[in-house]
Amino acid sequence: EMRANKEKQAQNLEADKERQQFIAQVAALRHQAAERPDAEHLTILEPGGPQGVTFGELLAESEAVARGLSSRGVEPRQTVALMLPTGRDYLFSFLGILMAGGVPVPIYPPLRPSQLEDHMRRHAAILANARAVLLITEGRAQQVGRLLKGQVDSLRTVMTAQQLAGTSATLERR
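Residue numbers here run from 1 along each chain, matching the order of that chain's written sequence. Reporting in this predicted model follows two pLDDT cut-offs: at least 70 for local features of residues, and 80 or more for side-chain atom pairs to be given and counted; totals over whole chains, interfaces and linings ignore these cut-offs and use all residues. Calculated side-chain values reflect all of the structure's heavy atoms, with hydrogen atoms and water omitted.

A. Molecular detail of the packing of helix H2 (residues 55-71) against helix H3 (residues 88-99). Between H2 and H3, the shortest axis-to-axis distance is 7 Å and the interhelical angle comes to 60°. Taken together, the axis directions place H2 and H3 in an arrangement best described as oblique. Relative to H3, the crossing made by H2 is right-handed. The residues of H3 that touch H2, namely those facing Glu57, Leu58, Leu59, Glu61, Ser62, Glu63, Val65, Ala66 and Leu69, are Arg88, Leu91, Phe92, Ser93, Leu95, Gly96, Ile97 and Met99. For this scheme, ten residues count as nonpolar: Ala, Val, Leu, Ile, Met, Phe, Trp, Tyr, Cys and Pro. Four count as charged, namely Asp, Glu, Lys and Arg, and the remainder, Gly too, count as polar. The residue makeup of the contact of H2 with H3, split by class, is ten nonpolar, three polar and four charged. For helices, the fitted axis covers only the stretch in contact; all axes are lines through C-alpha atoms, and the angles between them, taken along N-to-C directions, range from 0 to 180 degrees. Helical segments are the DSSP runs of H or I of at least four residues, strand segments are the runs of E of at least two, and each set is numbered from the N terminus. The labels follow the angle: roughly parallel below 35 degrees, roughly antiparallel above 145, roughly perpendicular from 65 to 115, and oblique for the rest. By definition, turning the near helix anticlockwise from the far helix through less than a right angle yields a left-handed crossing, and turning it clockwise yields a right-handed one. Residue contacts are counted whenever heavy atoms from the two residues lie within 4.5 Å of one another.

Dropping the structure here:
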């Protein structure tokens, strides 16, 4: 029991250290967004071609997701699942979850209808194990998300990144 206690303390110290590092990184992002909001910070390779993301966009969109999570009752250390393809929505949502103090749980959206049953079974198990309280997905996968919600007791809400951020197309249009 004493060993388990020491291991738990070590884990808590490591988690606190990681949280402090993240806070410093967000502070750096805020500084860059204030000083150079229109400067390109990174490029995402989208199906339609490369899409630049500025410091200002990254901060504003991620903070909108964080506010949306907080307004929907997501508390620090609760898990939030992302069922999104890699892209802008994924990036803003992942960072927004962290900014809200949550723990992101990435899962892949279903790709082939023929594998939907297997996809549902595996993802329901992942979401239940992680005790995810909210699932962020894209419009075309919302029905799958709703079906998962029916199978996972902890899952309270399924919504798109746009709905979560309180926008109609801000995240998706780029």
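B. Local environment of H2. Spanning 17 residues, H2 covers 24 Å between terminal C-alpha atoms, matching the ideal 24 Å at 1.5 Å per step. With a 1.4 Å probe rolled over the protein chains alone, any residue whose accessible area is under 20% of its type maximum counts as buried; one over 50% counts as exposed, and the rest are partly exposed. Extensive coverage of H2 is indicated by the burial of twelve of its 17 residues. The complete set of buried residues in H2 reads Phe55, Gly56, Glu57, Leu58, Leu59, Glu61, Ser62, Ala64, Val65, Ala66, Gly68 and Leu69. In the segment just after H2, Gly73 is the residue with positive phi, at about 85°. Residue count minus one, scaled by 1.5 Å, sets the expected span of a helix.

C. A look at the side chain of Glu138. Of note, Glu138 is situated in the loop between strand S5 (132-137) and helix H5 (142-151). Exposure remark for Glu138: the relative accessible area of 13% places this residue in the buried category. Whenever a nitrogen or oxygen atom comes within 3.5 Å of another N or O atom, the pair is scored as a polar contact, on the condition that within protein one atom can donate a hydrogen and the other can accept it, and that pairs from neighbouring residues in sequence are kept only if both atoms are in side chains. A distance of 3.2 Å separates polar atoms of two side chains, one belonging to Glu138 and the other to Arg140.

D. Representation of the pattern of salt bridges in the model. We define a salt bridge as a contact between a side-chain nitrogen of Lys or Arg and a carboxyl oxygen of Asp or Glu at a distance within 4 Å. Enumeration over the complete set of coordinates arrives at six salt bridges. The salt bridge involving Arg140 is made with Glu138; its shortest N-O contact spans 3.2 Å. Judged by its relative accessible area of 72%, Arg140 is exposed. Here the residues in one salt-bridge network are Asp118, Arg121 and Arg122, joined through shared partners.

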